[in-house]
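# Architecture and fold: a report
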Amino acid sequence: MLGYILRRIAQAVPVFLGVTFVVFLLLYITPGDPVELYMGQAGTVSPEEIARIRHEFGLDRPFLEQYGRFVWGIARGDLGRSIVHRRPVAELIGERIPATLELSLFAALIALLVAIPAGVIAAVRRYSLLDSVGTLLSLVGVSMPGFWLGLILMILFSITLRVLPVAGRMSYGTGLEPRTGFLLLDAVLQGNGQAALDVLRHLVMPALAMSAGMMAMTMRITRSSLLETIRQDYVRTARAKGVPEGWVVLRHALRNALLPVVTSVALNLGALLGGNMVVETVFAWPGLGQRVVDAVKTRDFPLVQGCVLVYALIYVVLNLAADLSYAFLNPRISHGKEG
């Protein structure tokens, strides 16, 4: 098992380095000088001042030297300084990433709590009314963009029914003191039930908007994988021995059926973390996605590079976690007998 883990980690390193090169190259060849753009907004600035700032940020160096400094900075945990904010990029990302993680994990939790039981029921009750309804809802969930669903939820629950807040993370006057950046966790740690309820009310709509796609995909994959698994000989054998049907499905079939589900969940969780920019903008959610949108608007290249690298690192880590979970669900994989 240890050798399998080390091999997977070693394979992830070149992937991450490749991502750093592609990200740096794409931003390097993007037309426009971010310093001129930013300083132009500040008013009349002399060419000497622009040249001084370009030199300060190393933008006047050759491409390979800039890339080398970039990689060396990553190795030291230094993602550079924001041209617009004049602060370390890592600090700017660290301020926003708890909000994004809180929202994405809550959305993933909703998706899994609904999708896996629904997929199991659809597989066990194949071609029933429940199966048909689940199939229809999953098609709607996959087809509807997150921002569109978010606007519909906003109109329904915030404007028409007035039961949920329209935007933000927390209302004023809850008495919650943010410490970890995860407001729900802070509310629980401080024993502030009113703040916890308020944070949950703010989480519901953006989390539902983000989780719809993951919910639909996970439900369909759970259903199809479980249908294939319950036709296996060992499942028939368990039934022939008189094992109750519920125990056969949950104990014998579901665990093996979860292998493709794990892959789907890992990829969808990465999509939740990396594809939340539009939903965060719609709900004015102060997360990393909104910071990326602002950085792109102002051509703040160091900040864009840092944010994209964080997203890429999240994808790499989640894929690595999925590979390692295979070894847990099916130990033969770690010994090279499968996959």
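Residues numbered from 1 in each chain as written. Predicted model: local features only at pLDDT ≥ 70, side-chain atom pairs only at ≥ 80, totals over all residues. Heavy atoms only, no water.

### Looking at the UniProt feature "transmembrane region" (unreviewed entry) in the chain
So the rule is basically this: UniProt positions are given in the numbering used here, feature names are shortened, and annotations may be inferred rather than shown by experiment. The helix and strand labels rest on DSSP assignments: H or I over at least four residues marks a helix, E over at least two residues marks a strand, and numbering proceeds from the N terminus.
With numbering matched to this structure, UniProt assigns "transmembrane region" (unreviewed entry) to residues 12–30, 103–124, 136–161, 257–279 and 308–329. Helix makes up 100% of residues 103–124 and strand 0%. Its end C-alpha atoms lie 32 Å apart. For the annotated span residues 136–161, helix accounts for 88% and strand for 0% of the residues, and the straight-line distance between the end C-alpha atoms is 26 Å.

### Re the packing of helix α5 (residues 89–124) against helix α13 (residues 288–297)
In plain terms, the rule: For helices, the axis comes from a line fit to the C-alpha atoms of the stretch in contact; other axes are also lines fit to C-alpha atoms, and the angle between any two N-to-C directions lies between 0 and 180 degrees. What sets the label is the angle itself: under 35 degrees gives roughly parallel, over 145 gives roughly antiparallel, 65 to 115 gives roughly perpendicular, and the rest give oblique. Only heavy atoms matter for contacts: two residues are in contact if any of them lie within 4.5 Å across the pair. Under the convention adopted here, Pro, Cys and the residues Ala, Val, Leu, Ile, Met, Phe, Trp and Tyr are nonpolar, Asp, Glu, Lys and Arg are charged, and Gly plus all remaining residues are polar.
Two numbers describe how α5 lies on α13: the axes approach to 7 Å, and their chain directions differ by 135 degrees. The angle between α5 and α13 falls in the class oblique. From α5, L92, I93, E95, R96, I97 and T100 reach across to α13, where they touch L288, G289, Q290 and R291. Residues belonging to the contact of α5 with α13 are distributed by class as follows: four nonpolar, three polar and three charged.

### A look at a nonpolar patch on the surface
Defined as follows: Grouping into patches uses exposed residues only, defined as over 30% relative accessible area, and leaves out salt-bridged ones; the cut-off is 9 Å for like charges and 5 Å for nonpolar side chains (Val, Leu, Ile, Met, Phe, Trp, Tyr). Computed with the Shrake-Rupley method and a 1.4 Å probe, the accessible areas treat only the protein chains shown as cover for residues. In the sections that follow, a salt bridge refers to a side-chain nitrogen of Lys or Arg positioned within 4 Å of a carboxyl oxygen of Asp or Glu. Burial classes follow relative accessibility: with a 1.4 Å probe on protein chains only, a residue under 20% of its type's maximum area counts as buried, one over 50% as exposed, and anything between as partly exposed.
Among the surface-exposed residues, F21, V22, L25, L26, Y28 and I29 lie close enough to one another that they form a single nonpolar patch of about 530 Å² accessible area. When you line up the elements, V22 lands in helix α1 (residues 2–29). With a relative accessible area of 44%, V22 lands in the partly exposed category.

### Looking at the packing of aromatic side chains
What counts, and what does not: Pairs were defined over the aromatic rings of Phe, Tyr and Trp, the Trp ring being its six-membered one, requiring ring centres within 6.5 Å. Orientation was assigned from the angle between planes: stacked under 30 degrees, edge-to-face over 60, tilted for the rest.
Overall, the coordinates contain seven aromatic pairs when judged by the stated rule. Between F21 and Y67, the ring centres sit 5.3 Å apart and the planes meet at 90 degrees, which makes this aromatic pair edge-to-face. Pair noted here: F21 is in helix α1 and Y67 is in helix α4 (residues 63–75), with a separation of 46 residues, a long-range link. Since its relative accessible area comes to 34%, F21 is described here as partly exposed. The buried category is assigned to Y67, whose relative accessible area is 14%. Their ring planes at 50 degrees and their centres at 5.6 Å tell us that F24 and F63 sit as a pair that is tilted. Here the residue F24 occupies a position in helix α1, and F63 occupies one in helix α4, the gap between them amounting to 39 residues. On the basis of relative accessible area, F24 is assigned to the buried category, the value being 5%. On the basis of relative accessibility, which here comes to 18%, the residue F63 falls in the buried class. Within the aromatic cluster, the residues linked to one another by ring pairs are F21, F24, Y28, F63, Y67 and F70.

### Re the nonpolar core
Proteins that are soluble and globular tend to have nonpolar side chains buried together. In plain terms, the rule: Put simply, a nonpolar core is a bunch of buried Ala, Val, Leu, Ile, Met, Phe, Trp, Tyr and Cys residues held in one set by side-chain atoms that sit within 4.5 Å of each other.
By size, the foremost hydrophobic cluster in this structure holds 56 residues, and its most contacted members are I93, L272 and L303. In this structure, L272 is in contact with S104, A107, A108, M210 and M214, ignoring residues within four places of it in sequence. L227, A238, V248 and A253 belong to the second largest nonpolar core, which has 12 residues in total.

### Quick look at the side chain of T100
Rule in force here: N or O atoms closer than or at 3.5 Å make up a polar contact, with two conditions inside protein: a donor-capable atom paired with an acceptor-capable one, and, for residues adjacent in sequence, both atoms drawn from side chains.
Take T100: it is sitting in helix α5. Only 2.6 Å separates the side chain of T100 from the backbone nitrogen of L288, close enough to count as a polar contact.

### Considerations on α5
To be explicit about the condition: Helix span, expected: 1.5 Å multiplied by one less than the number of residues in the helix. Think of it this way: the bend at a residue is just the angle between two axes, each fitted to seven residues, one set ending at that residue and the other starting at it.
With 36 residues, α5 ought to run about 52 Å at 1.5 Å a step, and its terminal C-alpha atoms sit 50 Å apart, in line with that. Along α5, the helix axis deviates most sharply at R96, where the bend reaches about 35 degrees; the proline P98 sits within four residues downstream.

### Topic: the pattern of salt bridges
All told, the structure shown has 10 salt bridges when counted by the stated rule. Of the charged contacts, one joins R87 and E95 as a salt bridge, the two residues approaching to 2.2 Å between their closest N and O atoms. Accessibility expressed as a relative area gives 43% for E95, which makes it partly exposed. Through salt bridges with shared partners, a single network forms among R87, E91, E95 and R291.

### Observations regarding unusual backbone geometry
Of note, R162 is a non-glycine position whose phi angle comes to about 55 degrees, a positive value. For R162, a relative accessible area of 68% gives the class exposed. A positive phi angle, close to 50 degrees, is found at A284, a residue other than glycine. Tracing the backbone shows A284 in the loop between α12 (277–282) and α13. Note on A284: relative accessible area 37%, which makes it partly exposed.

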